[in-house]
Every structure is written in C-alpha cells, then in structure tokens.
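Each chain, letter by letter, is given below.
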Amino acid sequence: MSMISIRKDWCKRCGICIEFCPVKVFAQEADGTPVPQNQDKCTVCRLCELRCPDFAIKVEVTEDESK
Amino acid sequence: MSKIKYDDYLIKEKLPLFWCSGCGNGTVLGAILRAFATLELDKKNTVVVTGIGCWGKADDYISTNTFHGTHGRALSFATGIKLANPKLKVIALMGDGDGATIGGNHLIHTARRNVDITAIVVNNFNYGMTGGQYSGTTPEDSYTATSRYGHIEPGFDLCKLVEAAGAPYVARGSAYNVVQLEKLIRDGIEKKGFSFIEAISPCPTHFGRLNGMRTAPQMLKWIKENSVAISGAEKLSREDREKKFIMGKFTDKDIPDYSQKYQSIIESCTAEAGGGINNEI
Amino acid sequence: MSQNKSLRFMQGNEAIAEGAFAAGARFYAGYPITPSSEVAEIASRRLPQLGGLYVQMEDEIGSMAAIIGASAAGKKSFTATSGPGFSLMQENLGVAVMAEVPCVIINVQRSGPSTGLATKPAQGDFMQSRWGTHGDHGIIVISPSTVEDCYYLMVKAFNLSEKYRTPVVFLADEIIGHMREKAVIREINPEEIINRKFPKCDPKDYKPFEREEDGIAPLASYGSEYIVRLSGSTHNDAGFPDSRPENADKFIRHYTDKIEKNKKDITIIRKYNLEDADYAIITFGCTTRSALEAMDVMRKEGKKVGVLQLVTLWPFPDEEIDEICARVKGIVVPELNLGQLIREVDRVNSYPIPVVGVNKVNSLSISPYEIIEKVGEMEKCQK
Amino acid sequence: MKYKWQLILSGVGGQGLIACGGLIAEAAILYESKYATLSSSYGVETRGTFTKSDVIISNKEIYYPEVMKEDIVLSLAQVAYDRYVSKVDSDACLVYDNSLIAEPKESKAKQYGFPFTDLARELGNTTVANVIALGTIIKLTGILTEESLLNAIEDAYKEKPKVMELNIKAFKKGVEIAQ
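Residues numbered from 1 in each chain as written. Chains lettered and ligands numbered in written order. Predicted model: local features only at pLDDT ≥ 70, side-chain atom pairs only at ≥ 80, totals over all residues. Heavy atoms only, no water.

As named in an unreviewed UniProt entry, chain C is 2-oxoacid:acceptor oxidoreductase subunit alpha, taken from Lutispora saccharofermentans.

Within an unreviewed UniProt entry, the label attached to chain B reads Thiamine pyrophosphate-dependent enzyme, and the organism entered is Lutispora saccharofermentans.

Asks: For this particular structure, what's the right way to read the sheet that holds strand S3 (residues 50–58) of chain D?
Replies: Strand pairing in a sheet relies on backbone hydrogen bonds, with the paired strands running either antiparallel or parallel. Read from one edge of the open sheet, eight strands run S1(C)-S8(C)-S2(D)-S3(D)-S1(D)-S4(D)-S5(D)-S6(D), paired in mixed fashion. Single-partner strands in this sheet number two, and they are strand S1 (5–11) of chain C together with strand S6 (110–114) of chain D. The mean inter-strand angle of the sheet, taken between neighbouring strand axes irrespective of direction, is 20 degrees. Pairing of S1 of chain C with strand S8 (residues 180–186) of chain C involves seven bridges; the strand directions are antiparallel. (Pairing = 2+ DSSP bridges. Helix = DSSP H or I, 4+ residues; strand = E, 2+ residues; numbered from the N terminus. Axes fitted to C-alpha atoms, helices over the stretch in contact; angles between N-to-C directions.)

Asks: When you look at the pairing of strand S7 (residues 167–173) of chain C in this model, what are you seeing that I'm missing?
Replies: Each regular strand carries side chains that alternate between the two faces of the sheet. Residues and elements named next belong to chain C. With seven of its seven residues buried, S7 lies for the most part within the structure. The two faces of S7 match: Pro-167, Val-169, Leu-171 and Asp-173 on one face and Val-168, Phe-170 and Ala-172 on the other face are all buried. Two strands pair when backbone bridges link them, and strand S6 (residues 140–142) and S7 are joined in this way by three bridges, in the parallel orientation. Bridge assignment links Val-141 to a residue of S7, and that residue is Val-169. Running through helix H6 (residues 147–164), the crossover from S6 to the neighbouring parallel element S7 is right-handed. (Buried < 20%, exposed > 50% of the residue type's maximum accessible area, 1.4 Å probe, protein only. Right-handed = clockwise from strand over helix to strand, strands pointing away.)

Asks: What is the right way to look at the UniProt feature "domain: Thiamine pyrophosphate enzyme TPP-binding" (unreviewed entry) in chain B in this model?
Replies: Those places that UniProt annotates as "domain: Thiamine pyrophosphate enzyme TPP-binding" (unreviewed entry) correspond, in this numbering, to residues 58–198 of chain B. This span, residues 58–198 of chain B, is 34% helix and 22% strand, and a straight line between its end C-alpha atoms measures 16 Å. (UniProt positions renumbered as here; feature names shortened; annotations may be inferred.)

Asks: Would you take a moment to explain the packing of helix H4 (residues 129–141) of chain D against helix H5 (residues 146–156) of chain D for this structure?
Replies: Describing two packed helices takes the angle between their axes plus the distance from one axis to the other. Residues and elements named next belong to chain D. The contact between H4 and H5 brings their axes to 10 Å, and the two run at 155 degrees. What the angle tells us is that H4 and H5 run roughly antiparallel. The two elements H4 and H5 cross, and the hand of that crossing is right-handed. Of the residues in H5, those in contact with Val-131, Leu-134, Ile-138 and Lys-139 of H4 are Glu-146, Leu-149 and Ile-153. Taken together, the residues of the contact of H4 with H5 break down into five nonpolar, no polar and two charged. (Parallel < 35°, antiparallel > 145°, perpendicular 65-115°, else oblique. Left-handed = near helix turned anticlockwise from the far one by under 90°. Contact = heavy atoms within 4.5 Å. Nonpolar A, V, L, I, M, F, W, Y, C, P; charged D, E, K, R; others polar.)

Asks: So what exactly am I meant to see when it comes to the environment of Gly-51 of chain B here?
Replies: Residues and elements named next belong to chain B. Considering the arrangement of structural elements, one finds Gly-51 in the loop between strand S1 (46–50) and strand S2 (65–68). Taking the relative accessible area as the measure of exposure, Gly-51 reaches 0% and is therefore buried. C-alpha of Gly-51 to C-alpha of Gly-72: the two residues are 21 residues apart in sequence and 5.9 Å apart in space. Those residues in contact with Gly-51 that lie beyond four places of it in its chain are Gly-56, His-68, Thr-70, Ala-74, Leu-93 and Asp-98.

Asks: When you look at the domain arrangement of chain C in this model, what are you seeing that I'm missing?
Replies: How big an interface is tends to be reported as the loss of accessible area on association of its parts. All names here are of chain C. Splitting chain C by domain gives domain 1 (5–192) and domain 2 (268–382). The straight-line distance from the C-alpha centre of domain 1 to that of domain 2 is 26 Å. Both faces considered, domain 1 and domain 2 share a buried interface measuring about 2,100 Å² in area, 62% of it formed by carbon and sulfur atoms. Inspection of the region where domain 1 meets domain 2 yields two salt bridges. The interface formed by domain 1 and domain 2 contains 17 residue pairs in polar contact (both at pLDDT 80 or more). (Domains from an automatic or database assignment. Buried area = accessible area lost by both parts, 1.4 Å probe. Salt bridge = Lys/Arg side-chain N within 4 Å of Asp/Glu carboxyl O. Polar contact = N/O pair within 3.5 Å; in protein donor to acceptor, adjacent residues only side chain to side chain.)

Asks: Explain the interface of chain D and chain C here, please?
Replies: Every contact between the two is made by 25 residues of chain D and, on the other side, 22 residues of chain C. Both sides together, the interface formed by chain D and chain C hides about 2,000 Å², and carbon and sulfur atoms give 59% of it. Between the two partners, chain D and chain C, sit two salt bridges. Asp-296 of chain C is the partner of Lys-60 of chain D in a salt bridge, and the nearest nitrogen-oxygen pair spans 3.1 Å. Our count for the chain D to chain C interface comes out at ten residue pairs in polar contact (both at pLDDT 80 or more). Mapped by element, the contributors of at least two residues to the side of chain D that touches chain C are helix H1 (17–32) and strand S2 (35–41) of chain D.

Right, here's the structure in full:
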C-alpha cells in the first residue's frame, strides 16, 4: 500500500500530477487542488512526486508492504 | 540505497517556491537535488553557482555553498571557483537567456577549456522573469512578448553548440521525463570535465500562453510529443529531426580536464623552481 | 625581520605582478590588453612556479567573474587590464562590492575613449575608477608613480582589499606601467601581510554578511568547514535575497561607509616641500613625476612650490586637501585628461584661491615646463 | 662632472632600441650605483614604424622620465635622423648609422656617422647594429665605463652564451671604431 500526501501550502494547483498519473489516482477539487482519490490503484511509480514542480507530493510505502 | 535524502539539500523554510504554477524549474530542481542525494555530495565541498533569471533563483532553495552572480556570467564565476580549489564540486545553473544568450561566449569557452563544472541549463525558450521576451533558443515562428508577429530567428541547438565546442559530456533531458533527467544530471556531475545538461522545461505563464499552451499539462504534452530519443531521431529525415527535441546523451568521453593539465604544469614548474608555496588564505 | 633586498632595473608592470605575488596573490584571470599585457605574461609564467594558477578568459567580463570566484574559494586573486577592458569589468566589479569579495583590479590607463590610442598614456579613468559600476558603493583606488610603488603599493592594495572585503582598483598608467627604472625590492615579511578575517563561530551560526564590531564580516572560503552563500543581489546577513527597504538601506550604506569611515586608515598621500609653499601642485600617477621635476626647477629659481601627491585617489582625501588650500596662494592640478581630479579639488576648496588645471589629451605626457608656465601665470596675476 | 645624461635612442621598431636602452640603464644602476629610467614611445605595430627610447642617467633620483634636452641622440633610421637632426642643440652629440643614412644634414650638434649596420653584417648578424652603436656612444661620451656595459651584456644573455659572445664582440667593435 502507498500513502500519498499533499502539502497544500506548497501546491500551486498546476494539474501536472492529475494529468500524468498513469493510473489516474488523482481527482481535482474545485480550486484545482489534487486529491489522491484512488490510492488503491497507485503502483508507486512516484512520477507524481518526481514531476511535482513544488515538492508538494510525497508517496510513501506503508510499513507492512515495504517488508 | 543512500541514506541521504534530496530534502537534506532543500531549504524547506523557503518554500513554497517562488516560481509560477506549472513552471518546470521546481521539477528540474527536484531532479538535481535527488542526484545530489544519490551521489551523497558533501555540502561543504559543493558550490552551486547561479546567474539571473527565474532559474537564477534556484540557489535560494539549496543548502550547499552558493554563489549568485550576474546575468550570463555563472560559468565564469564557476571557473574561478573550480580552478582555485579543484576539490570542489561546482554546479552552474543557468537559464537559456543566462547560459546560452548573454552568456553564450562563456558557455562555449568553458566547454572548450574543459573546466570540471556541471552546467545545467533549463531551457524554457524565453525570458520568463522579465515577461516572456525571446531568447537565443526561442524556436522560429513562435510568439513571445518581443516577437508578436512570429519569431524570425532560428533558435540555438544548445547541445550541438556545446558538443562542437569540445565538451566531454553533453546531454538533453526534460521536465517531462524526470527519471531520465535525474540520471543524466547524476552522470554529468560524476563526469570529470565540463558536463552540460539541457533540460527542456515548461513556462506556461509566458511562452505557453502566447503559443496556445496556457496550462502546464498542455506544455508538458507538447514537450512529450516532440521528444525523440537519439536512436529514434536517426530514423527521421533531417527536416523532421530539426523540429524535435532529441533526448539523451550526445557525448560522453574521458579527456583530461583543465585542472588536471594545469596541475602537471605546476608540478614541472615547481620542480624546476625547487618547490613552490601554495599560499592558502 | 627579513631584510632581503635586491637592487633591480625593473619595469612597472613587472613590479605590479611581483608585488601581487609578494602580497600572496595566487590566482590571475585576465584578457590581454595593451599596455597591461606584461602583467598577464609574467603571471602566466610565475604563478605555476608558486603553486598558483593563471587562466586567460574569453573576455574581461569573464575575467572579473573568475577572480571573484577564485577569491571566494580562498585564493587571493587579481586581474590586469586597460581602458576598454576596464569598462567591461564594471558589471562584475559591482558583484565584488555587493558580495564583499576581496580582489585587486589593475587598470594600466591608456588613451581613450573607446579603443583610443592603445600605446599612449592617459589618466582619463580617474572618475570611472570611482563611479564606473552602477549603484552606490565605496571603492578604494590606489595610484603608483614609480616602479617601486608598483611593487609596494600592490601589497598595500591586497591588504586593504582583504581587510575591508572590497575590490581595490590599482590605477596605473602607460607611463608607469611601461617605464623601467631603478627599484629596491625588499622581501615582504609575513607580518606585513593582511589576510581576510576568517569566522571563528560554530559553522551552523555562520552568516557571511554578519558584521563584527569593526564593521566587517568574516569571510570563510568555499570548501572550508563553513557553508558560504554569496550574492550579487541585495541580500541579508545570511546571504539570502531580502528586499525589505530597511535591509537594502543597511547594506547599500554599508558599502560606502566601510570605506569612507575608514578613510584615515586607507588614505596615503605624499607631501613635498609644502611647509612653506606659496603654490601647490596636486597630482597623481605619472603626472606626479612631471610635477616633482617642475617643483625642482622652480625651487632652484627660488619659487616656493610644493607638491601633494595623492597615492590613494578614492576615498578622496578631503581633509588633507582642505588643509593645503588653507595656506597656499594657488593650486595647479595637472592631469592627462580634461579635468577630473580638479573637479574634486574644486569641490573641497572653500578658500578664495585659484585652482587651475594643466590638461592634456594629445597622447603625450605633461612636460614639467607646462606646469612651470601655469604657476608663472598664476603668480603674475596675483602680483 | 655632469650629473645627468639624457639620451634618445631612435630608429624603427625591431632594431632593438629598447633592449639597447635597457643595457645602458642596467649598467648605470647595477654597476655604477646611479639612477636610470628607460621609457619608450612606439606605435601599435611591433615592427617597422618610428620608435624611440628615452634613457636618463643621473646621480640623483629621476622624476620626469622623458628627455627634456638631448645630450646624446642615436639615430638608426632615416625617419629618426630627420626628426632629430635639426632639433638637437649645439652641446649635444648626434650619432647615426651612415650605412642607412647616406647624406648627413646641417645640425647644430656634433655629428658622428658610422656604418653600424654594415659592420654588424660583417659580424654575421645585422641585429647587433644597436650594440655596436652602444659601444661607440660609450667610448665617445664616457657616460659609463665599458666594463659596466660588458657586465650588463653578460647579465642579459647569461643563458645564451653564443648570443652573449656576439654582443660582446659587437660592443667592442663599437668602442674600437670610436677611437
């Protein structure tokens, strides 16, 4: 399992994570803020974290699966 | 796996970043800091040198030694730093205006001289900070704040330029393909001698807006669709090739760098003069 | 104390280079230009022998940048140029001011403007050396008049540069740079050398622009135990950009104040026969030699003439000049330009005495007779 | 005894006039404890145009490094000779190369013509015409001793024994023809 966290104070709502997630994990709030709605689909490719221009996304692998 | 994380090099107190929404600078900065972490660069022996422009603000967020100089001159400051103390890792961050337009002469000569510096040019095809005027890499026929009727000058192919100038390492990546970009940067830093990495990057605020790509995803798609690997590019016609961003490593060779050659001069001179004094402050 | 002296027949430019090495300079970046090129040639030959480094850059913009970088990395650094090159260096000279990086810039003045006459002397960069780079700033400018000066004053130039964390301009000229004469060159003792203050604090507390009581911030080198952030943009103590008005004000005033408030320590002037002088010749650089010759001739004729030589041109020695103005009947200011130093003398002078110039821009030096004539004219008017 | 000598060494670029002035000044400073200055005036081109060196030798410190009144003028080219022949005073001495300057003109100064270039050719190298002239000037005027000049020549070429030998020969030749 993965845990995707978004720092809203750093996020500028550019939409890159939403657009380019290969498995469409993110939904978008009215103001453009990404919401990791479908976290269960996440393959931990980390492209959202790597591409985020604002260091606002962290993808962490939760304890039990990382073993 | 390295214990050092990229955010050890990031000055988090300075965030959120200064750049516009969707600007590729932050993405490239992330790739650089991740490369630093993988290579476990010692902050005290690393100097990041920047010029002026949006990308020239990058040093504000980096916790190594820094030097923030003048527009176009980052490589010259970096040359002095590196040659004065060859044990330092020196990384110069420049934009396309900074590194390849006003600083074009320094770029080709630093490459020719083969000073052991890693130059990372973020190419967003225009002067973002001052409102989106055209630069030396702005593509022909595109629109900028100072080419409202369509740009009539062709843009530089920076990799070809630097390769022709003799640099031992020349590569191009983009803010779209970040995994590749990070790898190209890492290899460049590890390279002894002048290494040059061009990072194609979106500027939705200015270049994008005037060229029908108002959002960051639109710009990244444009970069993606126009990117082709070196192997793929070979199959294209010359005409088609010129319209594409060819991605990958163009040159990767081992030749002695300036400091190494100069050291042998010092050794032969001091032997002759009966031992020299290295007057450190 | 070492007394190693050698009697030399030496060229000004050679003495400049040797003075730099004696001061501890171990890095030169430059672009050759007449009449300063001998400095580059000597540096290229001597620096590797001393374990230092010479690099010939693609232009003077890059040269100036490279010496700033090298100095920040811990090597005392210098460059030499002339008119057109000095103009190109102005941009990054401002960086040295703003980032407070010590370095020495030698300008062997030639005839201008533009390319001018490359092999002919001039003193037309007097004002440029003060105001050449944009924005408010203070600067130290030193001007030699003999070959020995070239050697000893270069040591002084580096010392002041290191002490005040400032660029120092060494304003020579074609005559002094190219002439050869007798010079007694003494080895410089280590105690005569001033090196920049290095921080003593815990590395985590270090701020590269945080001033100590003496008004100067310690400067660590890249590659030391300290993280150093230097910037040519308006910055705070830590070296981060800071556009608050109070911060900008604090730093911009500092660049001028640290020089002007230490005037007493920085200023060097030389007085010749001024005690009883009716007329004073105020001069600098090569023209000092014409003035002293003129003074000699006139003293033999019984005329009470003295010379005030400005060795430090900037900060400008207002007090010393005012003191001379108070007790002479007239002042002659000979200079190889159309009147730059005289503007400053005029500004300082508050007495009802004439201040007249001898100005020449025809590529020839000022002859002692031209000064003698001017003093004579003044005398005649005042009789 | 005269305490100050003012010399002009004139010709065209490439004749070694600065080197020649250097030998005189060096001999004065290092071997006769005198003061000396050497300053040169030349065009932007290295070779071929009018060049002159001003040498001043004095028992006391020299301020103005240019010749104010010529005591000795050496002219190794027509252009240089023409410039000084009518300018020099009656107490000056004008030495010129009569292998290059065929017809001497009226002058207040005492004139001495010697075939420096021809003699240099005989020695196997025309570039030492300057040093032959130097020997002649030293012998004619006695401003410095021959020994001091020979010492200066030895210093100048100590790493090139063959060049040193040629220059010593040239200097001695100059002294010889002035006798």
